[in-house]
Amino acid sequence: MRSVTIIIPVYNEEKILRTQIKRIVEKIEQLHNPLRYEILLVENGSTDKTFDIGRDLSREYAYIRIIQTDTPSYGLAFKAGIKAAKYDVVVQFDIDFWDIKFLDVAVILLDQYDVVIGSKNVSYSKDHRPLVRRIMSKTIELIINYWFDVHITDTHGLKALKKDQILTIIDKISLSNHFFDTELLIRCYHRGYHFLEIPVDLKEIRETRFSFVVRTFEVFYELIRMLMLRTYIVKNKKIKHPGVVLNQSI
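Model, not experiment: these values are computed from the prediction.

Asker: Would you mind going over the overall build of the protein chain in detail, with residue names and values included?
Answerer: When you go through the protein chain residue by residue, the secondary structure sums to 9 helices and 10 strands. The buried share among the 250 residues of the protein chain stands at 52%. Looking at the protein chain alone, contacts between residues at least 24 apart form 82% of all its contacts between residues at least 6 apart. Carbon together with sulfur atoms contributes 53% to the accessible area of the protein chain, which is approximately 12,100 Å² in total.

Asker: Tell me about the nonpolar core, and name the residues and values.
Answerer: The biggest cluster of nonpolar side chains holds 42 residues, and the ones touching the most others in it are Ile8, Ile21, Ile39, Phe93, Phe102 and Leu103. Among the elements that line this core, the one with the most residues is helix α4 (residues 100-109), at 7 residues. Those residues in contact with phenylalanine 102 that lie beyond four places of it in its chain are Val91, Phe93, Val116, Ile117, Gly118, Leu158, Lys159, Ala160, Ile198 and Val200. Listed in part, the 37 residues of the second largest apolar core include Tyr74, Ile82, Phe195 and Leu223.

Asker: Any details on the packing of helix α1 (residues 17-29) against helix α2 (residues 50-60)? Residues and values, ideally.
Answerer: The interhelical angle for the contact between α1 and α2, taken along N-to-C directions, is 35°, at an axis separation of 10 Å. Handedness of the crossing formed by α1 with α2: right-handed. Residue-level inspection shows Leu17, Arg18, Ile21 and Lys22 of α1 in contact with α2, the latter providing Thr50, Ile53, Gly54, Asp56, Leu57 and Glu60. Counted by class, the contact of α1 with α2 contains 4 nonpolar, 2 polar and 4 charged residues.

Asker: Let's hear about the packing of aromatic side chains: which residues, and what values?
Answerer: In this structure the tally under the stated criterion is 5 aromatic pairs. Taken together, a centroid distance of 4.9 Å and an interplanar angle of 50° make the contact between tyrosine 37 and tyrosine 63 tilted. Separated by 26 residues along the polypeptide, tyrosine 37 in strand β2 (residues 35-44) and tyrosine 63 in the loop between α2 and β3 (64-69) bring together distant segments of the chain. Assessed through its relative accessible area of 25%, tyrosine 63 is described here as partly exposed. On the numbers, 6.2 Å between centres and 75° between planes, the contact of phenylalanine 78 with phenylalanine 180 is edge-to-face. Taken as a pair, phenylalanine 78 in helix α3 (residues 74-84) and phenylalanine 180 in helix α7 (residues 180-190) lie far apart in primary sequence, 102 residues in all. Take phenylalanine 78 and phenylalanine 180: they sit in the same class, and that class is buried.

Asker: Summarise α2; cite the residues concerned and give the values.
Answerer: Those residues of α2 that sit buried are Thr50, Ile53, Gly54 and Leu57. Seen end-on, α2 carries its buried residues on one side only, within an arc spanning 100°. Summarising the contacts, the buried residues of α2 are in contact with β1 (2-10), α1, β2 and β3.

Asker: Account for unusual backbone geometry, with residues named and values stated.
Answerer: If you check the backbone angles, asparagine 12 has positive phi at about 50° while not being a glycine. The backbone of tyrosine 124 shows a phi angle near 80°, a positive value even though the residue is not glycine. By secondary structure assignment, the location of tyrosine 124 is in the loop between β5 (115-119) and β6 (126-127). For tyrosine 124, a relative accessible area of 65% gives the class exposed.

Rules used throughout
- Residues numbered from 1 in each chain as written.
- Predicted model: local features only at pLDDT ≥ 70, side-chain atom pairs only at ≥ 80, totals over all residues.
- Heavy atoms only, no water.
- Helix = DSSP H or I, 4+ residues; strand = E, 2+ residues; numbered from the N terminus.
- Buried < 20%, exposed > 50% of the residue type's maximum accessible area, 1.4 Å probe, protein only.
- Contact = heavy atoms within 4.5 Å.
- Areas by Shrake-Rupley, 256 points an atom, 1.4 Å probe, with all protein chains shown as cover.
- Core = buried A, V, L, I, M, F, W, Y, C linked by side-chain atoms within 4.5 Å.
- Axes fitted to C-alpha atoms, helices over the stretch in contact; angles between N-to-C directions.
- Left-handed = near helix turned anticlockwise from the far one by under 90°.
- Nonpolar A, V, L, I, M, F, W, Y, C, P; charged D, E, K, R; others polar.
- Phe/Tyr/Trp six-rings, centres within 6.5 Å; stacked < 30°, edge-to-face > 60°.
- Arc of directions from axis to C-beta.

Structure follows, in structure tokens:
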């Protein structure tokens, strides 16, 4: 039986946390190939009852754990989750965007690849977000690919990784919020890790909680900061990468 830690950063999610976790558990238990798993909730600076609900879930289910970080930061929460993961295979979910089919397939594909990404931007993916958000996402990925000499269609997608490989990189990451996982994947790419991207079905369960203008400003501010750190981020580039495999049939 394969083992996996599912990391879910959570911030002010009291309205949907219990319902979503129960849905995830239900879907996992229906998998044809059973998994040994834990769900690791990483609460980061919430001002509502997110931690209390997560703690109640951890008492109700032996395979759910919750840890806390003080600062509201997706990147720092993901980092803390990787370090605290019980199993060597880790999969990143968002509480409002997850795909059990991706989980089922990705843990097997990690036998052959170092990183498996659930990409919104490959053929056969279904991205139901508003058009303006889809365009913005693809524009950002084009900038990242050009500036950092990578070939990844979605650095913000669902991810399956090997903990022991990621631990060698994670403390070098300088960004802590929107582009934490982008920097992580760029560093993995330039270390020669083997990537596979597979399609996912993205349908968010709610409208964004943050102002589009504010969110756009934050994203592009951090993107510019990351671009300015290019030399530092890719300075350990080791090999000419063979490229990312795009699997459009899963």
